[in-house]
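Letter by letter, the chains look like this.
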Amino acid sequence: MLFKKKDEPYNSGYIAPKGWIPPNADEDYIITMIDIELIDELGDEYFPKVAAACAAESSTGTWTTLDNKKGVVCNGMDMANKLRATAFDLDPQTKTFKIAYKIELFETGNLSGLLAGVAGNIGGMKMLKAFRLLDIRFPREWINIMPGPAFGVDGIRDQLNIPHGPILCTVAKPKIGRTDKEQAALARILFTAANGEFQGIKDDENLTSLYFNRFEERVSAIHKVRREIEEVSGKKKLYLCNITHSDIDVMVDRAEMIKREGGRWMMVDVVTTGFAAVHTLRRRNLGLAIHAHRAMHSLFDRESGPGVYDLGEIKDFSISMVAMAKLMRLIGVDSLHGGAPKTKMENYGEPKLIKDVLQNDITGASSMTLGQNWFGMKPVWHVASGGLHPGSVETVIQQLGEDIMLQAGGGTLGHPWGIEAGVEAMVQARDLAMQRIDTKDWISKNPDSALAKAADHWGFGPKIV
Ligand code: CAP
Ligand code: MG
């Protein structure tokens, strides 16, 4: 049995009396919300002990008592007891609970250090059959010390001179295949088709620097095209150029290269490069917006139980994308892939919530979020992507609103009439949604349009395979 009588005090101080809530939470506490399942050997009556054990392991405790050596003056127990975390608001039905951590327990502004506590060892404990960190709520001091986005939603609208509506972008497909020159030729088409109403091009997450498409050659070729087109058309264009590398110094060199080319954005695979890398890039203040691709997030945020929809048990060990989105806003990205309706990617209905935490203050907590007061930190562009095509644009805009970057890769470049027609169809779909004109209705009146052809080819539903 995991909990022996003699170990009882180990977690006794780590749980709050029923009804307790952390006082003055937005000033003094970091709070997490957790969903767990107990291993079969532990009956439901162990739930409070396990919740307290999670609070202990993630703050100051360990698996046994330590304060039994009377007369020892160096055991640190006074401070450990003062700073211990408190499990509270336990729901034995859903096995959800919250943990309140006093702000002094962590070094303010050190996100990696904080996560080693609140999201550290606890998921690995043998007493748990499943664990999901649903959310983290940050107090004012953390919001004030973290950089947040350099540009945010309004800064990017000013930069591109797009006062309203979604930004339209595509990702070069095939994922890997074009040479730097071919990608620059693609950029020229994208920047000029449909009267230049399409904003940009993005590298794919796994395109870095390859023998037929070197970073240096690509960045210079595409920005040359961008400068030319901008000069002629007067319209600002985007190139989200992937600087991802496991060596931060190489990323900084690449970012500086973009800056020298007059670029405005760098793209980073924020999960594979890690929190420290993104925080460092943001702190260097290179004058570039950060586009955050989340490739690899699925390996720690996917969950296969119905509990992920709040409908029963969870099955895996994970952290939600909602929590990840908050961390990315704090660390200072300007746009983040957050999923959308009708994509090819799994999302549990979270995109709306992710967009909310990226852009709004959320006052009311729910079963999916603790809410968050952002104390004026700039909002982040929500990127809708993954199998989107013109027929899905109306639903995406209806559900997520206009402060989104719409990325359709295959759904732009794979148009049966060619790339120009793909761009035209995406622009048509966006414009109709913004004017609240029913897409199907419009298509029936314009059967020869690029949008009608796209809908005929891909339909209106999600493309799963
Ligand atoms: C989209 C994409 C993105 C995914 C990532 C891809 O291309 O470039 O990486 O959207 O998913 O490679 O699949 P398509 P998410 O438009 O051709 O699907 O945005 O959910 O992180
Ligand atoms: Mg991609």
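Residues numbered from 1 in each chain as written. Chains lettered and ligands numbered in written order. Predicted model: local features only at pLDDT ≥ 70, side-chain atom pairs only at ≥ 80, totals over all residues. Heavy atoms only, no water.

Novice: Describe the overall build of the protein chain, with residues and values.
Specialist: Scanning the protein chain for helices and strands turns up 20 helices and 13 strands. Taken over the C-alpha trace, the protein chain has a radius of gyration of 25 Å; the compact-globule value for 465 residues is 23 Å, and the two agree within 12%. If one aligns the C-alpha atoms of the protein chain with their principal axes, the spans along those axes are about 80 × 45 × 40 Å. The buried share among the 465 residues of the protein chain stands at 56%. The long-range fraction of contacts in the protein chain, counting pairs at least 24 apart against all pairs at least 6 apart in sequence, stands at 76%. Accessible area of the protein chain: about 19,800 Å², with a carbon and sulfur share of 51%. (Helix = DSSP H or I, 4+ residues; strand = E, 2+ residues; numbered from the N terminus. Rg over C-alpha atoms; globule rule 2.2 N^0.38 Å. Buried < 20%, exposed > 50% of the residue type's maximum accessible area, 1.4 Å probe, protein only. Contact = heavy atoms within 4.5 Å. Areas by Shrake-Rupley, 256 points an atom, 1.4 Å probe, with all protein chains shown as cover.)

Novice: Now, about the environment of Ala454: what can you tell me, with residues and values included?
Specialist: The residue Ala454 is located in helix H20 (residues 450–458) in this model. Taking C-alpha positions, Ala454 is 10 Å from Glu424, a pair spaced 30 residues apart along the chain. Apart from residues no more than four positions distant in its own chain, Ala454 is found in contact with Pro390, His415, Ala425 and Gly459.

Novice: Just give me the short version of the site of ligand 1, but keep the residues and values in it.
Specialist: Near ligand 1 lie 16 residues; those nearest to it are Lys173, Arg294, Lys344, Ser385 and Gly387. Contacts to ligand 1 include Gly410, whose backbone N or O atom sits 2.8 Å from an oxygen atom. If ligand 1 stood free it would expose 480 Å²; the protein chains cover 94% of that surface. When atom positions are compared with the pocket grids, ligand 1 is found to occupy the largest pocket. Here the residues of the shell around ligand 1 are counted per class, giving 3 nonpolar, 7 polar and 6 charged. (Near = heavy atom within 4 Å. Polar contact = N/O pair within 3.5 Å; in protein donor to acceptor, adjacent residues only side chain to side chain. 1 Å grid on protein atoms, 1.4 Å probe; cavity = no way out; pocket = protein on both sides within 12 Å on 5 of 7 lines; lining within 4 Å. Sits in = over half its atoms within 2 Å of the grid points. Nonpolar A, V, L, I, M, F, W, Y, C, P; charged D, E, K, R; others polar.)

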